[in-house]
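Spelled out from the first residue to the last, the chains are:
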Amino acid sequence: MFSSMILIIIILAAILVYNLITRIRANRVATFVDEAQFKEGGHRGQIVDLRENRDFESGHILGARSIPYSTIKMFYKNIRKDMPVYLYDQGKTLSIKTAILLGKNGYKDIYILKSGFRNWNGRTKK
């Protein structure tokens with residue numbers, strides 16, 4: 001029993017370290033913004049919804065285009081490098097992973113919606 005508790009603690013610690021490293025990497029390539037900053041910047045940039053198509057179709061941020069995270073490695077080149085990129089998903093996990101991918105591929109002006117779509121109070125389209 002004691003060894004299984006140690007194993008659980010080690011696994012939990014590894015998960016925490018992984019999440020921390022991922023967040024640090026994301027902070028190097030992207031800026032986390034609140035809803036007001038996202039609305040303001042989205043008017044001059046590209047808004048990318050990373051949720052699956054069925055979620056996008058049930059409602060999305062006005063002006064967003066759908067590039068589901070499941071397809072991002074194939075279609076990220078459709079995102080312009082010369083314009084700011086505003087990413088969102090239901091929370092922010094997929095946005096963080098996408099920002100890291102984009103950063104590795106030369107994108108510079110990347111923003112992530114801190115609160116995710118689940119807390120969005122702005123205009124949406126269905």
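Keep in mind it's a predicted model, so treat the numbers as computed, not measured.

How each quantity is defined
- Residues numbered from 1 in each chain as written.
- Predicted model: local features only at pLDDT ≥ 70, side-chain atom pairs only at ≥ 80, totals over all residues.
- Heavy atoms only, no water.
- Pairing = 2+ DSSP bridges.
- Helix = DSSP H or I, 4+ residues; strand = E, 2+ residues; numbered from the N terminus.
- Axes fitted to C-alpha atoms, helices over the stretch in contact; angles between N-to-C directions.
- Contact = heavy atoms within 4.5 Å.
- Patch = residues over 30% accessible without salt bridge, like charges linked within 9 Å, V, L, I, M, F, W, Y side chains within 5 Å.
- Areas by Shrake-Rupley, 256 points an atom, 1.4 Å probe, with all protein chains shown as cover.
- Salt bridge = Lys/Arg side-chain N within 4 Å of Asp/Glu carboxyl O.
- Lys, Arg positive; Asp, Glu negative; His and termini not counted.
- Charge placed at Lys NZ, Arg CZ, Asp CG, Glu CD.
- Buried < 20%, exposed > 50% of the residue type's maximum accessible area, 1.4 Å probe, protein only.

### Digging into the sheet that holds strand β5 (residues 85-88)
And then number 1: Read from one edge to the other, the open sheet built from five strands follows the order β1-β6-β5-β2-β4, with strand pairing classed as parallel. The outermost strands of the open sheet, each flanked by one partner alone, are β1 (30-33) and β4 (64-66). Sheet twist, expressed as the mean angle between neighbouring strand axes with direction ignored, is 30 degrees.
And then number 2: Pairing geometry for β1 and strand β6 (residues 110-113), over four bridges, is parallel. Its bridge partner lying in β6, Phe 32 is registered against Ile 112.
And then number 3: Helix α2 (residues 35-42) rests against β1, β2 (46-49), β5 and β6 of the sheet, and its axis sits at about 135 degrees to β5.

### Comments concerning a positive patch on the surface
And then number 1: A surface patch of like charges, here positive, comprises Arg 25, Arg 28, Lys 73 and Lys 104.
And then number 2: Within the secondary structure layout, Arg 28 lies in helix α1 (residues 2-29).
And then number 3: With relative accessibility at 69%, the residue Arg 28 sits in the exposed group.

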